[in-house]
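# Secondary and tertiary structure notes
Listed below are the residues making up each chain.
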Amino acid sequence: MTAPRSPAARAAELRLRLEDANYRYHVLDEPNIPDVEYDRLLRELDELETAHPELVTPDSPTQRVGNAPSAKFAEVRHAIPMLSLGNAFSDGEVQDFVRRIADRLDRPLPKFSAEPKLDGLAISLRYEHGAFVQGATRGDGTKGEDVTANLRTVKAIPLRLRGGKDGHDPLKLRGKDWPAVLEVRGEVYMPRAAFEQYNEHARLHGGKVLANPRNGAAGSLRQLDPRITAQRPLAFFAYGVGLVEGGELPDSHSATLAQLREWGFPVSNLTEVVEGADGLLDYYRRIGERRDALPFDIDGVVYKLDDFDDQREMGFVSRAPRWAIAHKFPAQEQATTVEAIEIQIGRTGAATPVARLAPVQVAGVVVTNATLHNADQIARLDVRVGDSVIVRRAGDVIPEVVAVIAERRPADALPWTMPATCPVCGSEIVREEGEAVWRCSGELSCPAQRKETIRHFASRRAMDIEGLGDKYVETLVDAGLVRGVADLYRLTRDQLLQLKLVLDADTPDALAASVQPHLPPEGSGAVLAAIQRLDAADEGWRAAALAQSIAFAWNPKKIATKWADNLVAAIDRSRDAALERLLFALGIQHVGESTAKALALWFGDLDLIRRLPWPLYKRVPDIGGEVARSLGHFFEQAGNQQAIDDLLTAGQVRIRDGHPPSAKLRDGLHLATLLVEAEIPTITNLRAQALTEVLPTAAGIVDAGPEAFTAAGLPEASAAALRDWLEQPGHPKLLLDGEAAIASLLALAPEADTAQAGPLDGRTVVLTGGLASMSRDEAGAKLEALGAKVAGSVSKKTHLVVAGENAGSKLAKAQELGIEIWDEAQLLAFLERHA
DNA sequence: TTTCCTCGAGTTCA
DNA sequence: CTCGAGGAAA
């Protein structure tokens with residue numbers, strides 16, 4: 001700084017510097033000083049003003065912090081009404097709009113200014129002699145609310161216009177003289193990143209979470225306490241002017257926006273001047289493509305006839321201009337009502353509440369269902385049946401309930417609670433201590449769980465029975481043809497044909513109609529009567545069987561059998577299964593694809609796996625107590641063992657790729673390990689080793705008393721704990737069986753692994769986006785064959801990311817972490833080299 | 001014990 | 001794709 005000056009001069013200089021920094025940050029998007037520097041200058045100005053209160057001006061940057069709350073908002077009458085715009089939802093409507101204008105102006109290609117339509121709150125800002133004096137909401141267009149104090153806190157809104165005629169301009173700011181009175185119209189909004197950040201903070205500190213950026217902006221502006229508004233991350237874009245007195249504006253909309261920008265207002269840099277309907281539609285498409293990537297929410301684009309003379313010529317219809325229109329995108333959010341909250345029972349019994357919604361168009365599709373995740377989520381949102389809610393289907397595909405519109409709640413709506421019993425089987429619904437999910441306790445006696453189990457078994461990633469969709473599983477189970485997975489392998493072609501008839505015709509009349517063409521003309525009446533009778537007796541299944549067998553006996557060729565043939569063939573194909581697929585298909589809790597693969601790799605053999613004492617599963621990396629117990633629990637059930645036997649014998653399921661246990665399994669595999677893995681209280685690694693040196697066999701330990709344990713080096717309390725443990729039913733057997741299993745594992749496992757090193761050994765690879773030459777699964781399998789570990793998400797431990805078409809967040813994360821990234825060509829070249 | 005990373009499970013619609 | 005929770009490392 002130069003020589004000391006009067007406080008007044010210094011204050012003026014500080015204000016200019018702060019205003020300039022603000023302008024560069026919010027309008028030009030080219031910050032010229034760091035945040036800390038800005039804060040320092042602001043603090044200096046604040047101190048100066050505190051020392052010399054007479055220097056404080058209403059447009060000083062220090063006045064943005066917000067003053068004491070007001071009781072309510074005053075009414076403001078807009079000198080020039082804030083108009084609403086007509087809407088266009090289709091190309092056709094836009095073409096009509098342009099045609100009307102072209103006809104009236106008698107010009108084929110009128111010029112338009114096109115800009116994004118921000119999803120925020122329209123406001124009007126009044127400047128007198130360059131100073132911001134009043135800001136108002138749009139209200140009904142004629143009268144709004146005075147929110148000046150709140151708008152003052154929005155840093156993107158200039159408190160004083162740049163340029164000007166009073167000559168106090170040491171920084172030589174550019175700009176034209178502004179009118180004596182100027183009203184600027186624009187949109188206050190909350191940038192997405194700021195919204196996320198704000199909510200993150202609110203969640204951590206128990207504050208109020210905002211439903212979406214738009215509500216955030218609207219709610220913030222309507223705060224009676226401007227100090228609260230000051231904390232909200234609001235921004236602003238100018239898009240027009242209202243009253244202008246004592247000055248001139250350019251003669252077109254685009255030039256006016258450029259002028260506003262010079263005066264210090266943020267103006268969207270997506271604004272363009274385009275010609276004719278094609279120009280507009282092209283603009284719409286280009287903005288639409290960028291929509292998700294923009295830093296703020298938009299709900300469409302706005303087209304305005306650029307030339308003001310043209311605008312005047314077009315005039316108005318009622319309250320909307322004929323020279324402008326809003327072209328809306330399909331809404332990403334919609335309001336709808338909750339018609340019911342139903343419970344879905346998953347494969348594991350998880351009871352998931354799902355909201356049945358009155359159908360609404362959201363982002364181009366009709367949404368009728370939205371998951372509510374769990375009871376906690378419902379409680380957090382306080383969703384009730386009958387509520388009006390906001391549904392979103394944003395960047396991701398899956399609709400979610402964002403918020404409840406509290407004002408529209410019916411008076412009699414009751415808080416929702418999880419039902420006590422399963423809606424399908426009537427078993428109790430319970431929640432494990434510390435878990436978020438409630439589960440139906442019915443297990444396989446619950447038809448819902450049985451169906452899900454079978455569906456899972458047949459799914460693509462499991463046994464891959466093509467053609468066995470949800471509906472067929474449902475009907476097969478309901479008909480009693482399939483009770484367990486092994487029954488699938490007993491299905492005959494005839495049974496499937498019967499099933500098909502039931503599925504295709506769910507009323508007796510439809511059933512009769514579908515078989516009639518196949519029936520012998522002379523017996524047709526009698527057969528149809530029989531079907532009706534059986535159906536009336538609620539024996540629809542028998543009716544279908546009867547109809548099918550008669551029809552088929554009469555006319556075997558004409559009944560469509562291809563579907564049944566295909567399904568029988570698909571079931572047959574699945575008999576030849578890899579061990580890991582079968583393990584996954586069994587649907588053991590906590591055992592997904594990855595765990596199933598690891599089990600297959602380490603133990604190699606189903607007979608071994610299904611009889612293993614549970615602590616030994618923990619020898620596999622990534623399998624801990626919880627998963628091991630779950631495996632043990634599954635194989636303990638006689639029904640499950642029976643089902644496996646059934647699959648292998650009656651079902652003729654053959655397992656491919658049997659191999660000996662992994663050599664790595666040998667490491668540290670002895671009785672002491674077993675004692676530790678069995679999670680016996682107080683038995684640590686060291687103690688177990690000391691113990692097994694004195695008592696080297698399971699039988700010895702089972703028979704020994706506490707004295708023997710203390711003699712073997714255990715502290716007294718530990719010896720007692722071990723004895724207690726051994727008193728529990730099943731525990732001695734666990735030790736004895738475990739010892740036997742260890743012996744056989746050691747006998748079966750080879751001394752050293754013979755697998756040779758692949759080029760990607762020990763490397764973690766993540767695949768994202770779509771590949772043209774193969775599916776992600778295929779690519780993953782090829783990479784695994786070369787020794788890579790294919791993971792699902794990017795982290796610090798990832799070595800390589802292969803990004804295909806339309807890669808999303810994972811690619812971004814990889815770039816952020818500086819991880820090596822390949823495109824498809826590089827992947828193919830690599831696979832080629834190592835084929 | 002805390003923190004980070006994976007895996008499992010559940011979900012919507014064309 | 002997201003959430004919750006299991007597993008392992010720090």
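Residues numbered from 1 in each chain as written. Chains lettered and ligands numbered in written order. Predicted model: local features only at pLDDT ≥ 70, side-chain atom pairs only at ≥ 80, totals over all residues. Heavy atoms only, no water.

## Quick notes on the protein's contact with DNA strand C
This is how it is decided: Each residue is tested against the molecule or strand, and it is near if at least one of its non-hydrogen atoms lies within 4 Å. Polar contacts, as used here, are pairs of N or O atoms within 3.5 Å; protein pairs need one atom able to donate a hydrogen and one able to accept it. Residues neighboring in sequence count only if both atoms are side-chain atoms. All amino acids are sorted into three groups, where Ala, Val, Leu, Ile, Met, Phe, Trp, Tyr, Cys and Pro are nonpolar, Asp, Glu, Lys and Arg are charged, and the leftover types, Gly among them, are polar.
In the vicinity of DNA strand C, eleven residues are found, and the nearest of them are A436, D622, G624, E626 and V627. Within 4 Å of the protein, the contacting atoms of DNA strand C are 100% sugar and phosphate, with bases supplying the remainder. Take V627: an N or O atom from its main chain is 3.3 Å from a phosphate oxygen of DNA strand C. By residue class, the composition of the surface near DNA strand C is four nonpolar, three polar and four charged.

## Section: the protein's contact with DNA strand B
Rules: Secondary structure counts use DSSP, requiring at least four H or I residues in a row for a helix and at least two E residues in a row for a strand, with both numbered from the N terminus.
Taken together, the neighbourhood of DNA strand B is formed by 27 residues, with T348, I398, H590, G592 and T595 sitting nearest. What you see for DNA strand B is that sugar and phosphate hold 95% of its atoms within 4 Å of the protein. One of the side-chain N or O atoms of R347 is found 3.0 Å from a phosphate oxygen in DNA strand B. Residue T368 places a main-chain N or O atom 3.1 Å away from a phosphate oxygen belonging to DNA strand B. Broken down by secondary-structure element, the contributors of at least two residues to the surface near DNA strand B are β15 (351–362), β16 (365–371) and α20 (593–603). Of the residues forming the surface near DNA strand B, the biggest block, six residues, is contributed by β16.

## Re the pattern of salt bridges
Test applied: By salt bridge we mean one thing: a side-chain nitrogen of Lys or Arg within 4 Å of a carboxyl oxygen of Asp or Glu. Buried, partly exposed and exposed residues are distinguished by accessible area as a fraction of the type maximum, computed with a 1.4 Å probe on protein chains only: under 20%, between the cut-offs, and over 50%, respectively.
Per the counting criterion, the structure on display carries 46 salt bridges. Residue E44 pairs with R10 through a salt bridge whose shortest N-O separation is 2.8 Å. With E44 in helix α2 (residues 35–51) and R10 in helix α1 (residues 7–26), the pair connects residues that are 34 residues apart, well separated along the chain. Under the relative-accessibility criterion, E44 is labelled partly exposed at 24%. Take R10: its relative accessible area is 15%, and that puts it in the buried class. A salt bridge links R107 to D310, with the shortest nitrogen-to-oxygen separation between them at 2.9 Å. Here D310 lies in helix α10 (residues 308–314) and R107 lies in the loop between α3 (91–105) and β3 (111–118), a separation of 203 residues in the sequence. Residue R107 is classed as partly exposed on the basis of its relative accessible area of 33%.

## Some details on the packing of aromatic side chains
The geometry of an aromatic ring pair is captured by the separation of the ring centres together with the interplanar angle, meaning the angle of the planes. Here is the rule: Stacked, edge-to-face and tilted are the three classes for Phe, Tyr and Trp ring pairs, Trp counted by its six-membered ring, which pair at centre distances within 6.5 Å; planes under 30 degrees apart are stacked, over 60 edge-to-face, the rest tilted. Counted as over-ring charges are cases with an Arg CZ or a Lys NZ within 6 Å of the ring centre that also lie within 35 degrees of the ring normal.
Taken as a whole and assessed by the stated rule, the structure comprises twelve aromatic pairs. Centre to centre, the rings of Y189 and F237 are 5.4 Å apart; their planes meet at 20°, and the pair counts as stacked. Linking Y189 in strand β7 (residues 181–189) with F237 in strand β8 (residues 235–245), this pair joins segments that are 48 residues apart in sequence. Each of the two residues, Y189 as well as F237, counts as buried. Seen from their ring centres, F316 and W323 are 6.4 Å apart, and the 80° between their planes marks the pair as edge-to-face. What makes F316 partly exposed here is its relative accessible area of 45%. In this structure an aromatic cluster arises from ring pairing among Y127, F132 and F265. Positioned above the aromatic ring of Y23 is the side chain of R162, whose terminal nitrogen or guanidinium carbon lies 3.7 Å from the ring centre.

## Points about the nonpolar core
The condition that has to hold: Residues enter a nonpolar core if they are buried and are Ala, Val, Leu, Ile, Met, Phe, Trp, Tyr or Cys, with the set joined through side-chain atoms within 4.5 Å. The criterion used for residue contact is that any of the two residues' heavy atoms lie within 4.5 Å.
Counting 85 residues, the largest nonpolar core has I465, L599, F603, Y617 and F709 as its most contacted members. Here this core takes six residues from α20, the largest share from any one element. Excluding residues that lie within four positions of it along the chain, F603 makes contacts with L608, I609, L612, L616, Y617, V620, H659, P660, P661, L665 and L745.

## Quick word on the side chain of E824
Just so we agree on the cut-off: All tallies of charge rest on Lys and Arg as positive and Asp and Glu as negative; His and the ends of each chain are not included.
Relative to the elements of secondary structure, E824 occurs in helix α32 (residues 824–833). Of the side chains with opposite charge, K782 comes closest to the buried, unpaired E824, at an N-O distance of 9.8 Å. Ignoring anything within four residues of it in the chain, the contact list for E824 reads L771, A772, S773, M774 and A803.

## Here's the deal with the UniProt feature "active site" (unreviewed entry) in chain A
Applied cut-off: UniProt positions are given in the numbering used here, feature names are shortened, and annotations may be inferred rather than shown by experiment.
Listed under "active site" (unreviewed entry) in the UniProt record, and renumbered for this structure, are K117. Relative to the helices and strands, K117 resides in strand β3. Its relative accessible area of 23% is what places K117 among the partly exposed residues. If sequence neighbours within four positions are ignored, K117 has contacts with I298, D299, G300, V301, V302, A326 and K328.

## Here's the deal with the sheet that holds strand β10 (residues 298–305)
Applied cut-off: Any two strands with at least two DSSP bridges between them are considered paired. Under this scheme, a helix contributes an axis fitted over its contacting stretch, all axes are lines through C-alpha atoms, and angles between N-to-C directions fall in the 0 to 180 degree range.
Here we have five strands laid out as an open sheet, ordered β2-β13-β10-β3-β9, and mixed in their pairing. Because the sheet does not close on itself, it has two edges, and the strands there are β2 (86–88) and β9 (272–275). Pairs of neighbouring strands in the sheet enclose a mean axial angle of 35°, with direction left out of account. Where β3 meets β9, four bridges bridge the pair, whose relative direction is antiparallel. Of the residues in β9, the one forming a bridge with K111 is E275. Those strands touched by helix α9 (residues 276–290) are β3, β9, β10 and β13 (324–328), and its axis lies near 135° from that of β9.

## Quick look at the pairing of strand β25 (residues 800–803)
In regular strands, side chains alternate between the two faces of the sheet. The alternating pattern of β25 places L800 and V802 on one face and V801 and A803 on the opposite face, and all of these are buried. In terms of strand pairing, strand β23 (residues 764–768) meets β25 through four bridges, oriented parallel. Across the sheet, V765 pairs through a bridge with L800, a residue of β25. When β25 meets strand β26 (residues 820–822), the two strands line up parallel, connected through three bridges. Counterpart to V802 in the pairing with β26 is W822.

## Describing the pairing of strand β17 (residues 388–392)
Where burial is concerned, most of β17 is hidden: five out of the five residues are buried. Residues S388, I390 and R392 point to one face of β17 and V389 and V391 to the other, with burial holding for every one of them. Direction of pairing for strand β14 (residues 333–345) relative to β17: antiparallel, over a ladder of five bridges. Within β17, the residue paired with T336 across the bridge is V389. Sheet analysis places β17 next to strand β18 (residues 400–404), joined by four bridges and oriented antiparallel. Each bridged residue has a counterpart across the sheet, and for I390 the counterpart in β18 is A403.

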